[in-house]
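So you can see what is in the structure, the chains are spelled out below.
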Amino acid sequence: MKVLDTLRGMRDLLPNDLAKRRRVESVVEELFRLYGYLEVETPVLESYALLSAKVGDENRHRMYVFKDLGGRQVALRPEMTASVARLVAGKFRMEAKPLRLGYFADCYRYDNPQMGRFREFRQAGFELLGSSHPEADAEILLVACDLLRRLGLRFSVKVGHVGILRGVLQAGGVGERDQNVILGLLDKHRLRAALKALRSLGVQKQCLDLVKALQRIRGDDHDRVLEEGERLVVSNETALAALRNLGAVLRLLGLAGMGGSVSADLGFTRGLDYYTGMIFELYVEDLEIALGGGGRYDRLVENFGGDPTPAVGCSPGIDRIVLAMEKQGLFQEKLGSGMFSVLVVPVAEEQAGLGLKLAYALRSEGVSVVNDVVFHGVGEALGMASKVGIPLAVIIGPREVEKGVVTLRDLSSKTQSEIPLDEVVARVKRML
Ligand code: AMP
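What counts and what doesn't
- Sequence order sets the numbering: in each chain, residues are counted from 1 along the sequence as written.
- The predicted nature of this model means local features are confined to residues of pLDDT at least 70 and side-chain atom pairs, given and counted, to a pLDDT of 80 or more, with totals for whole chains, interfaces and linings taken over all residues.
- Side-chain calculation: all heavy atoms of the structure are included, whereas hydrogens and water are not.
- The secondary structure listing takes helices from DSSP runs of H or I that are at least 4 residues long and strands from runs of E that are at least 2 residues long, numbered from the N terminus.
- Using C-alpha atoms as the atom set, the radius of gyration is obtained and then compared with a globule rule of 2.2 Å times the number of residues to the power 0.38.
- Should any heavy atoms of two residues lie within 4.5 Å, those residues are counted as being in contact.
- Calculation of accessible area relied on Shrake-Rupley with a 1.4 Å probe; when residues are assessed, cover is drawn exclusively from the protein chains displayed.
- This count recognises Lys and Arg as positive and Asp and Glu as negative, with His and chain-terminal groups excluded.
- Where a charge lies is defined by one atom per residue type: Lys uses NZ, Arg uses CZ, Asp uses CG and Glu uses CD.
- When a carboxyl oxygen of Asp or Glu lies within 4 Å of a side-chain nitrogen of Lys or Arg, that pair is called a salt bridge.
- Relative accessibility decides the category of a residue: with a 1.4 Å probe and only protein chains considered, values under 20% of the type maximum give buried, values over 50% give exposed, and everything between is partly exposed.
- In plain words, nonpolar cores are sets of buried Ala, Val, Leu, Ile, Met, Phe, Trp, Tyr and Cys residues tied together by side-chain atoms within 4.5 Å.
- Domain delimitation follows an automatic or database domain assignment.
- Buried and open spaces are told apart on a 1 Å grid over the protein atoms alone, a cavity being a set of points where a 1.4 Å probe fits but cannot get out and a pocket being an open set with protein on both sides within 12 Å along at least five of seven lines. Residues with an atom within 4 Å of a point are the lining residues.
- Grid points are joined across faces, edges and corners, and a volume is the space filled by probe spheres set on the points.
- Note on pairing: two strands pair once DSSP finds at least 2 bridges between them.
- If even one non-hydrogen atom of a residue comes within 4 Å of a molecule or strand, that residue is called near it.
- In the analysis that follows, any N or O atom pair within 3.5 Å is treated as a polar contact, provided that within protein one partner can donate a hydrogen and the other can accept it, and provided that, for residues neighboring in sequence, both atoms belong to side chains.
- Molecule-in-pocket calls rest on the fraction of atoms, with more than half required to lie within 2 Å of the cavity or pocket grid points.
- Note on residue classes: Ala, Val, Leu, Ile, Met, Phe, Trp, Tyr, Cys and Pro are nonpolar, Asp, Glu, Lys and Arg are charged, and everything else, Gly too, is polar.
- Whenever a helix is involved, its axis is fitted only over the stretch in contact; in every case the axis is a line through C-alpha atoms, and angles between N-to-C directions fall within 0 to 180 degrees.

So, the overall build of the protein
(1) Moving on: Helices and strands together make up the secondary structure of the protein, namely 17 helices and 17 strands.
(2) Moving on: Over its C-alpha trace the protein gives a radius of gyration of 28 Å, far above what one expects of a compact globule, namely 22 Å for 432 residues.
(3) Moving on: When the backbone C-alpha atoms are referred to their principal axes, the protein occupies close to 95 × 55 × 45 Å.
(4) Moving on: Taking as baseline every contact in the protein between residues at least 6 positions apart, the subset at least 24 positions apart corresponds to 67%.
(5) Moving on: Of the roughly 21300 Å² of accessible surface on the protein, 51% is carried by carbon and sulfur atoms.
(6) Moving on: Counting 58 positive and 56 negative side-chain charges, the protein places the centres of these two groups 4 Å from one another.

A word on the pattern of salt bridges
(1) Moving on: Applying the stated criterion across every chain, the model contains 24 salt bridges.
(2) Moving on: Residue E139 pairs with R100 through a salt bridge whose shortest N-O separation is 2.7 Å. Note that E139 is positioned in helix 5 (residues 134-150) and R100 in strand 5 (residues 99-108), a separation of 39 residues in sequence.
(3) Moving on: The exposure class assigned to E139 is buried, which follows from its relative accessible area of 17%.
(4) Moving on: Taking relative accessible area as the criterion, R100 reaches 26% and is therefore assigned partly exposed.
(5) Moving on: The salt bridge involving R270 is made with E281; its shortest N-O contact spans 3.0 Å. Placement of R270 in the loop between strand 9 (262-265) and strand 10 (278-283) and of E281 in strand 10 is noted, with a sequence separation of 11 residues between them. When sorted by exposure, R270 lands in the same class as E281, which is buried.
(6) Moving on: Sharing partners across several salt bridges, the network here consists of R399, E400, K403 and E418.

Remarks on the nonpolar core
(1) Moving on: One finds F126, V157, V159, L198, F280, L291 and I321 to be the most contacted residues of the largest nonpolar core, which totals 73 residues.
(2) Moving on: Sort the elements by how many residues they give to this core and helix 5 lands first, with 9 residues.
(3) Moving on: In this structure, L87, V88, A89 and Y103 belong to the second largest nonpolar core, which totals 32 residues.

Examining the domain arrangement of the protein
(1) Moving on: Looking at the protein, the domain boundaries give domain 1 (15-327) and domain 2 (342-431).
(2) Moving on: The C-alpha centroid of domain 2 is placed 53 Å from the C-alpha centroid of domain 1.

So, the layout of surface pockets
(1) Moving on: Taken as a whole, the largest pocket holds about 1300 Å³ of empty space.
(2) Moving on: For the largest pocket, the lining is made up of 49 residues, of which R117, D187, R270, E281 and R320 are closest to its centre.
(3) Moving on: Contributions of two or more residues to the lining of the largest pocket are made by helix 3 (57-60), strand 6 (120-129), helix 7 (176-187), strand 10, strand 11 (292-296), strand 12 (311-316) and helix 13 (318-327).
(4) Moving on: The space that makes up the second largest pocket amounts to roughly 880 Å³.
(5) Moving on: Taken together, 37 residues line the second largest pocket, and the ones lying closest to its centre are R166, E176, N180, D273 and Y274.

Some thoughts on the pairing of strand 15 (residues 392-396)
(1) Moving on: For strand 15, a buried count of 5 out of 5 residues is recorded, marking the element as mostly surrounded by other parts of the structure.
(2) Moving on: Neither face of strand 15 is left uncovered, since the one carrying L392, V394 and I396 and the one carrying A393 and I395 both have all their residues buried.
(3) Moving on: Sheet topology places strand 13 (residues 342-346) next to strand 15; 5 bridges connect them, and they run parallel. Bridge assignment links P346 to a residue of strand 15, and that residue is I396.
(4) Moving on: Relative to strand 16 (residues 405-410), strand 15 is paired through 4 bridges, and the arrangement is antiparallel.

Examining the site of the ligand
(1) Moving on: Lining the immediate environment of the ligand, one finds 14 residues, of which R109, D111, F118, R270 and L291 sit closest.
(2) Moving on: Contacts to the ligand include F118, whose backbone N or O atom sits 2.8 Å from a nitrogen atom.
(3) Moving on: Contact between the ligand and R270: an oxygen atom at 2.8 Å from a side-chain N or O atom of the residue.
(4) Moving on: For the ligand, the protein covers 93% of the area, taking 490 Å² as the surface of the free molecule.
(5) Moving on: Under a 2 Å grid-point criterion requiring more than half of the atoms, the pocket assigned to the ligand is the largest pocket.
(6) Moving on: Split into classes, the residues belonging to the shell around the ligand amount to 4 nonpolar, 5 polar and 5 charged.

Looking at empty space enclosed by the protein
(1) Moving on: With the rule as written, the count across this model stands at 1 cavity of 30 Å³ or more.
(2) Moving on: Roughly 40 Å³ of volume is contained in the largest cavity.
(3) Moving on: If you trace the largest cavity, you find it lined by T81, E127, Y274, Y275, G293, G294, G295, Y297, G313, C314 and S315.
(4) Moving on: Secondary-structure elements contributing two or more residues to the lining of the largest cavity are strand 11 and strand 12.
(5) Moving on: A breakdown of the residues in the lining of the largest cavity according to their chemical character gives 4 nonpolar, 6 polar and 1 charged.

Here we look at the sheet that holds strand 15
(1) Moving on: Reading across from one edge, 14-13-15-16-17 is the order of the 5 strands in this open sheet, with mixed pairing throughout. In this open sheet, the two strands that pair with only one neighbour each are strand 14 (369-371) and strand 17 (415-420). Here the strands of the sheet are splayed against their neighbours by 25° on average, with no regard to which way each runs.
(2) Moving on: Helix 14 (residues 352-364) contacts strand 13, strand 14, strand 15 and strand 16 of the sheet and is inclined by roughly 165° relative to strand 14.
(3) Moving on: Docked against the sheet, helix 17 (residues 424-431) engages strand 13, strand 15, strand 16 and strand 17, running at close to 10° with respect to strand 16.

Here's what the structure looks like:
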């Protein structure tokens with residue numbers, strides 16, 4: 001590795017990257033407001049014991065873990081739901097429920113870097129705590145879809161319910177820990193490995209056939225999918241209850257006008273162990289990896305020692321949303337264009353004081369001003385302004401100072417005129 005490189009899977013974000021990220025984040029912030037979510041921030045570093053107990057096998061193995069100088073075992077958070085549940089079990093214990101919390105969080109996973117997969121990445125999140133009703137699940141799905149829709153993305157949603165497969169596995173005699181392993185394999189589309197693991201646990205053929213059959217039941221005709229599911233799991237109460245709950249959530253989405261792009265998928269699982277109900281992921285055609293996902297986690301707050309608190313949430317991944325927007329051509333503006341309005345160019349150091357004073361007066365009126373600080377000549381300064389899309393330049397030379405004026409140049413029409421000093425601010429504001 002060269003000294004000037006970042007670590008593998010880590011990125012420097014340059015102004016253009018940040019402008020794109022901000023565009024996505026500004027819509028997330030608007031949704032916090034529109035849906036009534038209050039923003040929280042928690043530490044990037046948490047105790048290893050706390051994170052490892054809750055995040056599930058897959059993320060546990062990918063955590064950055066180390067001892068701090070005090071000898072404590074700590075880890076960089078791989079996701080935020082565990083930290084939010086910790087907050088709700090502790091500081092928000094007495095807070096009225098339901099509680100709606102939003103966040104932005106840099107997260108860390110020692111993943112294998114590839115397109116859209118980094119070791120440091122950013123998630124936004126919406127967590128709705130204190131309701132077990134399908135209306136809460138529907139709200140989380142709606143807010144996630146609203147985000148992508150507002151950003152102009154064409155996308156689809158995959159929705160399932162962990163209770164279906166868990167019910168089937170439970171009836172087959174598979175304990176919760178082994179269920180987690182099987183669901184983890186299915187999440188990675190490793191059906192054969194999952195079936196092999198089930199066989200080695202001595203699970204009967206009937207259960208294996210059910211797991212296999214569920215993998216094939218999916219589609220946007222929700223009634224058909226649910227009916228097929230019910231026929232398969234006939235006498236399994238857990239799986240039937242899960243199907244009914246999934247049906248209720250899907251019907252609410254339909255009522256909210258969201259039916260079309262939603263596919264119900266009965267074999268769908270997610271890699272995190274804490275899910276207890278509805279789960280979902282968001283996709284765009286041009287990317288195979290999910291842009292965001294979420295689900296219901298009714299036991300997590302209690303596992304942290306809090307009161308029983310049913311909860312549901314989602315985390316859209318900011319980096320992948322940006323990637324999808326790039327692929328769908330949704331960023332057209334040029335870097336920096338329109339960001340800065342005026343370049344103030346003192347011709348020599350003698351005019352720099354007046355330049356600073358004018359820049360300050362303009363900024364006080366809300367006009368963004370870039371000050372020339374290198375004195376390489378007016379020509380070069382104007383060339384730089386055009387390159388980054390600054391529309392106006394205020395030029396101050398000795399001749400202007402003597403006359404009590406400045407030269408105000410419009411860089412697109414290439415016209416200019418002399419303006420008395422005390423009229424500059426008003427004139428600039430009129431021209432912008
Ligand atoms: P998860 O916490 O695994 O449910 O992930 C939620 C979202 O975070 C995913 O859909 C991605 O958009 C994003 N995400 C997860 N892991 C990564 C990663 N290694 N790099 C970039 N984004 C990620």
